[in-house]
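Residues per chain are reported as follows:
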Amino acid sequence: MRNATVVVLEGDGIGPEVVAVAREVVDLVAADEGLSISWDEHLMGGCSIDVHGTALTDEVLRECQEADAVLLGAVGGPKWDTTDPEAPRPEQGLLGLRSGLGLFANLRPVKPIPALYDASPLRRERIEGTDLLVVRELTGGLYFGDSARDGERAYDTLEYTVEEIDRVVRRAFDAARLRRGKVTSVDKANVLETSRLWRERATIVSEDYTDVELDHLLVDNAAMQLLMRPADFDVIVTENMFGDILSDEAAQLTGSIGLLPSASVGEGRGGLYEPVHGSAPDIAGLGVANPLATVLSAAMMLRYSLDAPRAADRLDAAVAAVLAEGLRTGDLGGSATTREAADALLGALAA
Ligand code: IPM
Ligand code: MG
């Protein structure tokens with residue numbers, strides 16, 4: 001038996017419920033591949049603020065740095081919502097982890113499952129064949145720039161270096177090579193200086209990838225094209241905030257944000273895996289959350305950080321199977337519970 005250590009950060013809201021399901025199915029498929037996982041549970045987010053007064057302690061960050069991977073549920077909730085710049089916020093834990101672990105690339109695959117085409121807000125003809133990957137820059141830009149509030153005035157700074165742009169754009173090209181060979185770089189080069197640098201660097205990096213096609217879109221136009229012709233996109237690469245917004249938009253193409261997984265990676269093998277959805281405080285503790293995005297995130301973890309691609313494929317197939325069989329949680333217009341989703345997955349894995 002091979003052993004791997006995974007730090008689990010259940011976080012807040014529905015986090016604990018969806019992570020519990022992912023652990024259950026991962027344990028099963030990993031064991032079949034001779035992989036035994038030690039789950040190392042820690043607090044991060046609002047739950048950590050309640051106990052330690054900060055969303056991410058140094059000790060938890062260190063545990064994450066030493067682990068083979070980190071699996072995260074979700075953070076945040078009304079209890080910790082504040083506009084006071086001095087008060088701790090759950091999201092700071094997430095941002096601290098991303099920068100503390102050097103996770104500069106966030107990969108968000110969007111591939112609507114045929115059984116759910118009719119759950120998409122777009123007509124079936126538009127959505128059919130959509131299979132895209134958003135590569136979002138994750139440790140720079142507005143979310144990490146100098147910012148402050150001073151009486152009647154507040155500011156956030158948007159800054160990018162050549163190095164920060166190049167490494168994430170390379171990730172996007174590497175990913176495109178294994179897909180359909182097309183990268184769309186999204187910026188706002190008609191207005192922003194950082195975007196002009198971004199566009200210039202994307203073009204320079206593309207010279208090392210003559211087998212991959214590159215085009216550029218302005219972010220406002222990209223938001224529109226994503227709804228008009230989603231199936232034309234392969235890999236979309238963009239800076240932090242544009243990627244945050246476009247990936248939520250793209251997520252909705254699948255009919256629910258409850259199905260979207262994500263991987264955040266850096267130079268090493270470790271990574272942070274989390275569903276794209278939030279902590280859904282309105283349904284927390286009710287046992288009705290959709291665990292599938294977390295299960296798909298755990299599949300990405302098995303594939304990218306734990307070297308268990310067959311186990312990952314089995315989880316992906318199980319998710320597709322339960323949806324094809326008609327399993328629908330509330331976010332998909334159904335009434336299945338989290339437990340029913342878990343049992344359906346276990347059934348599909350046994351079949
Ligand atoms: C996401 C979330 C986070 C982000 C928030 C919670 C800070 O929206 O992962 O997309 O904006 O990065
Ligand atoms: Mg977001």
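Worth saying up front: this structure is predicted, and the values here are computed from it rather than measured.

A look at helix α12 (residues 338-350)
Relative to the 18 Å expected for 13 residues at 1.5 Å per residue, α12 spans 19 Å between its end C-alpha atoms, a close match to the ideal helical length. Within the span of α12, buried status applies to T338, A341, A342, L345 and L349. Looking down the long axis of α12, one finds its buried residues gathered within 100° of arc, a one-sided arrangement. As for α12, its buried residues are in contact with α1 (15-32), α10 (292-304) and α11 (309-324).

Focus on the sheet that holds strand β12 (residues 271-275)
Spatial strand order, β2-β1-β3-β12-β11-β4-β5-β10-β8-β9: ten strands in an open sheet with mixed pairing. At either margin of the open sheet sits one strand with a lone partner, and together these are β2 (35-42) and β9 (213-218). For this sheet the average axis-to-axis angle between neighbouring strands, irrespective of direction, equals 25°. As judged from the six bridges shared by strand β8 (residues 182-187) and β9, these two strands associate in the parallel manner. Counted as the bridge partner of V186 is L217 from β9.

Some details on helix α9 (residues 240-252)
Here α9 is 13 residues long and its end C-alpha atoms lie 19 Å apart, about the 18 Å a rise of 1.5 Å per residue gives. All buried positions along α9 are accounted for by N240, F242, G243, L246, S247, E249, A250 and A251. Where α9 is buried, its residues contact β4 (105-110), β5 (132-137), β8, α7 (193-206), α8 (219-228) and β10 (235-238). Capping the start of α9 is the job of one residue whose side-chain oxygen sits 2.9 Å from the backbone nitrogen of M241: E239.

Thoughts on the packing of aromatic side chains
With the rule as written, the count across this model stands at two aromatic pairs. On the numbers, 5.6 Å between centres and 75° between planes, the contact of Y160 with W198 is edge-to-face. Taken as a pair, Y160 in the loop between β7 (153-156) and α6 (162-177) and W198 in helix α7 lie far apart in primary sequence, 38 residues in all. Considered together, Y160 and W198 belong to a single accessibility category, that of buried residues.

Brief notes about the environment of R124
When you line up the elements, R124 lands in helix α5 (residues 124-127). Not counting chain neighbours up to four residues away, the residues in contact with R124 comprise P114, Y117 and D118. A distance of 3.4 Å separates the side chain of R124 from the side chain of D118, its partner in a polar contact.

Things to note about the domain arrangement of the protein chain
Structurally, the protein chain comprises domain 1 (1-112 + 258-351) and domain 2 (121-254). Distance from the C-alpha centre of domain 1 to the C-alpha centre of domain 2: 24 Å. Contacts between the two partners involve 22 residues from domain 1 and, on the opposite side, 23 residues from domain 2. With both sides pooled, the region where domain 1 packs onto domain 2 buries about 2000 Å², and carbon together with sulfur makes up 64% of that total. The largest share of the area that domain 1 buries against domain 2 comes from F104, R108 and V110, three residues that together contribute 34% of it. Inspection of the domain 1/domain 2 interface yields zero salt bridges. In this structure, the connection of domain 1 to domain 2 is made through seven residue pairs in polar contact (both at pLDDT 80 or more). Among the secondary structure elements, those contributing two or more residues to the side of domain 1 that touches domain 2 are α4 (90-100), β4 and β11 (261-265). The greatest single-element share of the side of domain 1 that touches domain 2, amounting to six residues, is contributed by β4.

Comments concerning the state of the cysteines
As enumerated under the stated definition, the model contains zero disulfides in all. Between C47, a cysteine without a disulfide, and C64, which holds the nearest cysteine sulfur, the sulfur-to-sulfur distance is 12 Å. Given the relative accessible area of 4%, C64 is considered buried.

Description of the site of ligand 1
As a structural note, the neighbourhood of ligand 1 is formed by E91, R98, R108, R136, Y143 and D244. A distance of 2.6 Å is found between an oxygen atom of ligand 1 and a side-chain nitrogen or oxygen belonging to R98. Here an oxygen atom of ligand 1 sits 2.7 Å away from a polar atom, N or O, in the side chain of R136. When isolated, ligand 1 has an accessible area of 320 Å², and the protein chains bury 76% of it. Here the residues of the shell around ligand 1 sort into one nonpolar, no polar and five charged. Looking at which domains feed residues into the shell around ligand 1, each of domain 1 (1-112 + 258-351) and domain 2 (121-254) gives three or more.

Reading the values: the criteria
- Residues numbered from 1 in each chain as written.
- Chains lettered and ligands numbered in written order.
- Predicted model: local features only at pLDDT ≥ 70, side-chain atom pairs only at ≥ 80, totals over all residues.
- Heavy atoms only, no water.
- Helix = DSSP H or I, 4+ residues; strand = E, 2+ residues; numbered from the N terminus.
- Expected span 1.5 Å × (residues − 1).
- Buried < 20%, exposed > 50% of the residue type's maximum accessible area, 1.4 Å probe, protein only.
- Arc of directions from axis to C-beta.
- Contact = heavy atoms within 4.5 Å.
- Pairing = 2+ DSSP bridges.
- Axes fitted to C-alpha atoms, helices over the stretch in contact; angles between N-to-C directions.
- Polar contact = N/O pair within 3.5 Å; in protein donor to acceptor, adjacent residues only side chain to side chain.
- Phe/Tyr/Trp six-rings, centres within 6.5 Å; stacked < 30°, edge-to-face > 60°.
- Domains from an automatic or database assignment.
- Buried area = accessible area lost by both parts, 1.4 Å probe.
- Salt bridge = Lys/Arg side-chain N within 4 Å of Asp/Glu carboxyl O.
- Disulfide = S-S within 2.5 Å.
- Near = heavy atom within 4 Å.
- Areas by Shrake-Rupley, 256 points an atom, 1.4 Å probe, with all protein chains shown as cover.
- Nonpolar A, V, L, I, M, F, W, Y, C, P; charged D, E, K, R; others polar.

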